[in-house]
Amino acid sequence: MTTVTTSRLGRLLGYDGIIATLLLGAFRYFLVSLSFVACLVPLLAFQALVGWQATHLALWAAAAAALTVVPGLHGLMRAAAALLDSEPHVARVFWSGLADAVRHRWGSALVLSAAVLVLGYDVALLGADAGVLLGAVAVAAVAAAIVVSSTFLSDSPLRGAAYALAATRIVLQRPHLPLVWLLLAVLATLATSLPVIGAVAWLSAPALAAVCATICNRTLGFAGARERVGA
C-alpha cells in the first residue's frame, strides 16, 4: 500500500509529473503573453496618459503608439503555433517573429497606423453623426481582420501590395474566420477588464486567444484559402 502511494506521489510530484507539466505549460503561455503585452506598452501608456482626445497631438500620438501592434501580432501568432505544436523556446520564437516583421513587414505597421490616424480624424470631425461613427467601427473591424490575416501569412514570400491583397482575399473568401478572431479578441479584452482577475488575465489571455485562433484557422480552412491565393 505504501509502495503504491509513493509511486502515485512520484508520478504526481516528479519533474515529469502532471503538476510539473501543467506549471511548465502555464509558464510558456505566461512568457508569450508577457512578450505581447510588452509590445503594447506604447499603446497602454498612451491610453493611460493621454486617452481619446479630439486634438492633433492626441491623434498623431495614437497613430505612433499603434506602430508596435502589428509586429507584436506577428510574433504572437508565430508563438501560438509553436505552443500548439509543443515547440521549445516559445519566447525566442515570439521575438524572432517580431524581428522578422520589423524587417520585412513594416509596411503593415504603417498601414495600421495610418488607418488609426484617418479613422481618428473622421471620428473627431464627424463623430456627432451616428452613421459616421458606425461606419468608422465597421471599417476598423475590417482593417483589424485584414491585419490579423496578414499576421498568419508571416512566412509568405509575397511582399508589398501582393501581400496585402492575399490577406484581403483570405478575409473575403473565409468571412467566418474574421468573426471568430473578433469574438476571441473581445473575450480576451473582457477578461483583462474583469475585477480582481483582470491583471492575471493580461498574463494569459493573449496567448490563449492566439492559440484558439490558430486552432480555428486549422479547422475552418485558413490553410486552404492561403494556398489558393498563392501565399
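Note: the structure precedes this text.
Caption draft 1: Highlighting the state of the cysteines. Counted by the stated rule, this structure contains zero disulfides. With no disulfide partner, Cys 212 has as its closest neighbouring cysteine sulfur the one in Cys 216, 6.7 Å distant. On the basis of relative accessible area, Cys 212 is assigned to the partly exposed category, the value being 33%.

Caption draft 2: Looking closely at a nonpolar patch on the surface. Taken together, the side chains of Leu 182, Leu 183, Val 186, Leu 187 and Leu 190 define a hydrophobic patch exposed on the protein surface, amounting to about 450 Å² of accessible area. With respect to the helices and strands, Leu 187 occurs in helix α10 (residues 176-193).

Caption draft 3: Broad picture of the packing of helix α8 (residues 130-151) against helix α9 (residues 160-173). At a closest axis distance of 8 Å, the pairing of α8 and α9 adopts a crossing angle of 110°. The angle between the axes of α8 and α9 places the two elements in the roughly perpendicular class. Relative to α9, α8 is oriented so that their crossing is right-handed. Residues Ala 145, Ile 146, Ser 149, Ser 150 and Thr 151 of α8 form the contact with α9, whose participating residues are Tyr 163, Ala 167, Thr 168, Ile 170 and Val 171.

Caption draft 4: Focus on helix α6 (residues 90-104). With 15 residues, α6 should cover 21 Å at 1.5 Å per step; its first-to-last C-alpha distance of 21 Å lies within 8% of that length. Within α6 the residues assigned to the buried category are Val 90, Val 93, Phe 94, Gly 97, Leu 98 and Ala 101. Each buried residue of α6 sits inside an arc of 135° when the element is viewed along its axis, so together they form one side. In this structure, α6 carries Arg 92 and Arg 103 as exposed residues pointing more than 90 degrees from its buried face.

Caption draft 5: Highlighting the environment of Ala 209. Examined against the element boundaries, Ala 209 turns out to sit in helix α12 (residues 205-220). By relative accessible area, which is 16% here, Ala 209 ends up buried. Sequence separation of Ala 209 and Ala 80 is 129 residues, and the distance between their C-alpha atoms is 8.8 Å. If near-sequence neighbours (up to four positions away) are discounted, Ala 209 is found in contact with Leu 184 and Ala 188.

Caption draft 6: Fine view of helix α7 (residues 106-126). Between its first and last C-alpha, α7 extends 30 Å over 21 residues, near the 30 Å set by a 1.5 Å rise per residue. Among the residues making up α7, those that are buried are Ser 108, Ala 109, Leu 112, Ser 113, Leu 117, Leu 119 and Gly 120.

Caption draft 7: Fine view of the pattern of salt bridges. A complete count under the given rule lists three salt bridges for this structure. For the salt bridge of Arg 78 with Asp 100, the shortest nitrogen-to-oxygen distance reads 2.8 Å. One end of the pair, Arg 78, is in helix α5 (residues 69-84); the other, Asp 100, is in helix α6, with 22 residues separating them in the sequence. Here Arg 218 makes a salt bridge to Asp 85, at a shortest N to O gap of 3.1 Å. With Arg 218 in helix α12 and Asp 85 in the loop between α5 and α6, this residue pair connects regions lying 133 residues apart in the sequence. Given a relative accessible area of 39%, Asp 85 falls into the partly exposed group.

Each value, and the rule that gives it
Residues numbered from 1 in each chain as written. Predicted model: local features only at pLDDT ≥ 70, side-chain atom pairs only at ≥ 80, totals over all residues. Heavy atoms only, no water. Disulfide = S-S within 2.5 Å. Buried < 20%, exposed > 50% of the residue type's maximum accessible area, 1.4 Å probe, protein only. Patch = residues over 30% accessible without salt bridge, like charges linked within 9 Å, V, L, I, M, F, W, Y side chains within 5 Å. Areas by Shrake-Rupley, 256 points an atom, 1.4 Å probe, with all protein chains shown as cover. Salt bridge = Lys/Arg side-chain N within 4 Å of Asp/Glu carboxyl O. Helix = DSSP H or I, 4+ residues; strand = E, 2+ residues; numbered from the N terminus. Axes fitted to C-alpha atoms, helices over the stretch in contact; angles between N-to-C directions. Parallel < 35°, antiparallel > 145°, perpendicular 65-115°, else oblique. Left-handed = near helix turned anticlockwise from the far one by under 90°. Contact = heavy atoms within 4.5 Å. Expected span 1.5 Å × (residues − 1). Arc of directions from axis to C-beta.

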